[in-house]
Amino acid sequence: MAALFEGFTLCGVVSGSARAEAALLGVEAEREEDRVVVTDCGRSVTVYKVSDQKPLGSWHVRQGQSLTCPAVWSSRSGEYVAVTDSRVIRIWKDDDTTFEKTFKATVCADVARIHAAADSEPVVLFARGAVRMLDALLEAPQQPIEEVLSEEEVIRWSCSLVEGKQLVTIFTTEQKEDCYLYLQRFNPNSLHKYKLETGESRARPLSLCATVRNQSIKLLCLYSSGCLYQSVLSMRGTIQDGVQLLPRTLLLRLPVEDGHLSSASVVSLDEGNLAMVGVPHPSASAGKEFLCIWNTNFQTLQAAKELTGRIYGQLWSYSGRLYVPHGKALTVIPYECERSSLATALGRLQQDRSDGSKPVTTVVSWNTLLHEDTIQHQKGARGVETRQSKSRKSQMTSLLTVDQVLEKIKSASEDSVTRDVEMILSGTADPELQLVVGRLASQLVSRCQSDSAFYPHHTLAQLVHTRCVCHSLCPNLLMLALEKKDYSLAQLCLQHFPDIPEAVTCACLKAFLDAEESDLQTENLEPDSVSFMEGMVAVCKRDGALENGFSPVLLEEDSCDVNAPTTRAKGKADWLVLDMPCPVGVKKAALLNEILQTAHTDSFLLPHLKDLTAQQVVLFLQYLQFLYLKYYQDISAQAPGLRSPTVTQIMDWVCSTLDAHFTVLVMLPEARDLLFQLHKFVRSQVRLICELGKIQGSLQDLHKLKQTEDADLYSIEVIELF
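Keep in mind it's a predicted model, so treat the numbers as computed, not measured. Residue positions are given per chain, counting from 1 as you read along its sequence in written order. Per-residue local features of the predicted model are confined to residues with pLDDT of at least 70, and side-chain atom pairs are confined, for both listing and counting, to 80 or more; whole-chain, interface and lining totals are unaffected and use all residues. Side-chain numbers here rest on the full set of heavy atoms in the structure, without hydrogens or water.

## Re the sheet that holds strand E13 (residues 131-133)
- Whether two strands pair depends on DSSP finding at least two bridges between them. Secondary structure elements follow DSSP: runs of H or I no shorter than four residues count as helices, runs of E no shorter than two count as strands, and numbering proceeds from the N terminus. Across the sheet, which stays open at both edges, the three strands sit in the order E11-E12-E13 with antiparallel pairing between neighbours. For this open sheet the edge positions go to strand E11 (111-115) and E13, each flanked by a neighbour on one side alone. Pairwise comparison of adjacent strand axes, ignoring direction, gives a mean angle of 20 degrees for this sheet.
- Pairing of strand E12 (residues 123-126) with E13, which is carried by three bridges, proceeds in the antiparallel orientation. Across the sheet, the residue bridging to Val124 is Arg132, located in E13. Throughout, an axis means a line fitted to C-alpha atoms (over the contacting stretch in the case of helices), and angles, computed between N-to-C directions, take values from 0 to 180 degrees.

If you want it as structure tokens, here you go:
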């Protein structure tokens, strides 16, 4: 089975015109699973860290120039490669700031695409069908490039695949009403040409995707008629003369409005599941666009998510995430595919009809059905029949539908609701769990809002623990927890919800800062988060030298205030001010740590941070200062295995808070000392980094030294650094 989870916006998209066929030139995977390279249709290439929704680097071409193919990342060289103005190949690294200072080479023919398969050298595909390895091309950029395609033949799609040491490049072309596929093999070098069937309707290929396994290439081709075909080719194969007809097998015949598709895309997720965009949902009304996951083994629709705005017919899949541009945004939608089986497929579709045609999901597992069927055929001894009757009666009394439980939630007592919800959760199969949990959570929150005396904390927490509910599925749950001052439930939501809006995050921050310490004493917060803060607060103050180079001497030498201390004793006193106690209680600190670890986008967070009062800002900055200093005083404070924010997250919140309230803080007398101490500490850290930079070259040389071969179990080796 397969499921689509709540998505989030990675970046905006700006197409070249209102009638542009594509929103982006491409989205390519990077060296890490959490990083992608996005090339827009204009003049920029941006690397994003997906989980943080933040750009890590961006490069732009000059006015008058344009990117003509998607940028790729070469895992072999650790460099990015792109093409501008069709013939200029540009290569750069993360530390390069602009295109102007990067390597570039001009070739003598137009480039269609550059492909960089994993652990392989990038391949350059020219517009007229020739293929070159990038390194061989850069040795002589002006080398003549042959023309493989005929005069009116145009490349529509291409990719590179690698298995073992075998690399192939595949591309399709279109010539009037005929479509062809070319398979370029390396080692030995050979080119094979196939003709794609179009059928009597003259349907044209809209989207293709290719995967390789066990030296076989599986090619999926979606036609404008709504038919999805599969073709299988060999990675090695034999040399063939002439144009061969590409054999194909029909996998799916999808419903199509007006007899044809205009813009659609397909990607393979695993052996039995594939994702599509631009194909109508079989049961939705006309005019709506969906992202769908289909199972090709059982011809069933597994999951679907409605998309707003215009669909461009583009779709990419990397590391369990789908990337789809629609409207004015590039959305990332996580997905999950389980191994397909007939039992799960039928179990998902099983429904009971009651009071008309309304479908009612029933809590019956596939194993239960098989067990009942087995017992029904075993009518031997009378004792067996008696046990069967009792078993069947017990099952019928415990059988509940989701709709029945939803109806009982409207008026039943808390104890009754708790028992019924636990029964539903224990009897619901995993593929249906997300839908069931979402409906239960929404109904419970609705009852809590209308009936102030009704608040089943345990049941709500149990639903959150299933990880099948998110903020967009039940947007009022987290705000309800804040209203009821249920801080333990609010903490669970912050931990498990991946899609909390910045406005709600700031609402939680305000509520936590204003919470009374006495109210928090009775809260049963997550143990790891509390243990982390208890250990940090219990750390004894140090009077001697500190870790990471932070010491009174550094503060004294790097003082930036005109009234800074000039004696060592005064410098010591300043350090004692910095070695401050925690400004909030342990449990309030644990809640604030959850805020620090919540994913957000700075530009969306800033307007809502401005709603904090001056007193809240000062208290929050004091806590961030305490946390930051503790991390640098004692590196062991960052305890592994416990829920704790990182130094980067702490600094991100410091910067965002200062950006939102800097003018107010400067004018606030009680904030002057806080700003001064923060500024002084940052200056000392900058000085430390500068000192470390001076010995960077010597430290790098240590890696080049070879270990002495005759070293015994214990030895002392003296290394002189010059």
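## As for the pattern of salt bridges
- Only one rule defines a salt bridge in this text: a Lys or Arg side-chain nitrogen within 4 Å of an Asp or Glu carboxyl oxygen. Tallying each qualifying case throughout the model produces 21 salt bridges.
- With a shortest N-O distance of 3.6 Å, Asp52 and Lys49 are connected by a salt bridge.
- When accessible area is computed with a 1.4 Å probe and restricted to protein chains, residues below 20% of their type maximum are described as buried, those above 50% as exposed, and intermediate ones as partly exposed. Residue Asp52 is classed as partly exposed on the basis of its relative accessible area, which comes to 30%.
- For Lys49, a relative accessible area of 31% gives the class partly exposed.
- One continuous salt-bridge network, built from bridges that share partners, spans Glu30, Arg35 and Asp94.

## Focus: the confidence of the model for the protein
- Each residue gets a pLDDT score, which is the predictor's confidence in that residue and runs from 0 to 100. For the protein, per-residue confidence averages 79 on the pLDDT scale, and residues scoring 70 or more make up 80% of the total.
- Contacts were defined at the residue level, with two residues in contact if any of their heavy atoms lie within 4.5 Å. Every residue in residues 345-398 is under pLDDT 50, and counting partners more than four places away or in other chains gives 47 contacts.
- In this model, residues 540-577 is a region of pLDDT below 50 whose contacts with residues beyond four sequence positions or in other chains number 56 contacts.

## What to know about unusual backbone geometry
- Phi is positive for Asn214, close to 55 degrees, though the residue is something other than glycine.
- Residue position: Asn214 is located in the loop between strand E18 (205-213) and strand E19 (216-223).
- For Ser319, which is not glycine, the phi dihedral falls at a positive 50 degrees.
- On the accessibility criterion, Ser319 (44% relative accessible area) is partly exposed.

## Here we look at the packing of helix H8 (residues 457-465) against helix H10 (residues 487-496)
- Interhelical geometry of H8 versus H10 gives an angle of 10 degrees and a closest axis separation of 10 Å. Considering the angle they form, H8 stands roughly parallel to H10. Every residue of H10 that contacts H8 at His457, Leu460, Ala461, Val464 and His465 is listed here: Ser488, Leu489, Leu492, Cys493 and His496.
- Note on residue categories: nonpolar means Ala, Val, Leu, Ile, Met, Phe, Trp, Tyr, Cys or Pro, charged means Asp, Glu, Lys or Arg, and polar means any other residue, Gly included. Across the contact of H8 with H10, the residue classes break down as six nonpolar, four polar and no charged. The cut-offs work like this: below 35 degrees is roughly parallel, past 145 is roughly antiparallel, 65 to 115 is roughly perpendicular, and the gaps in between are oblique.

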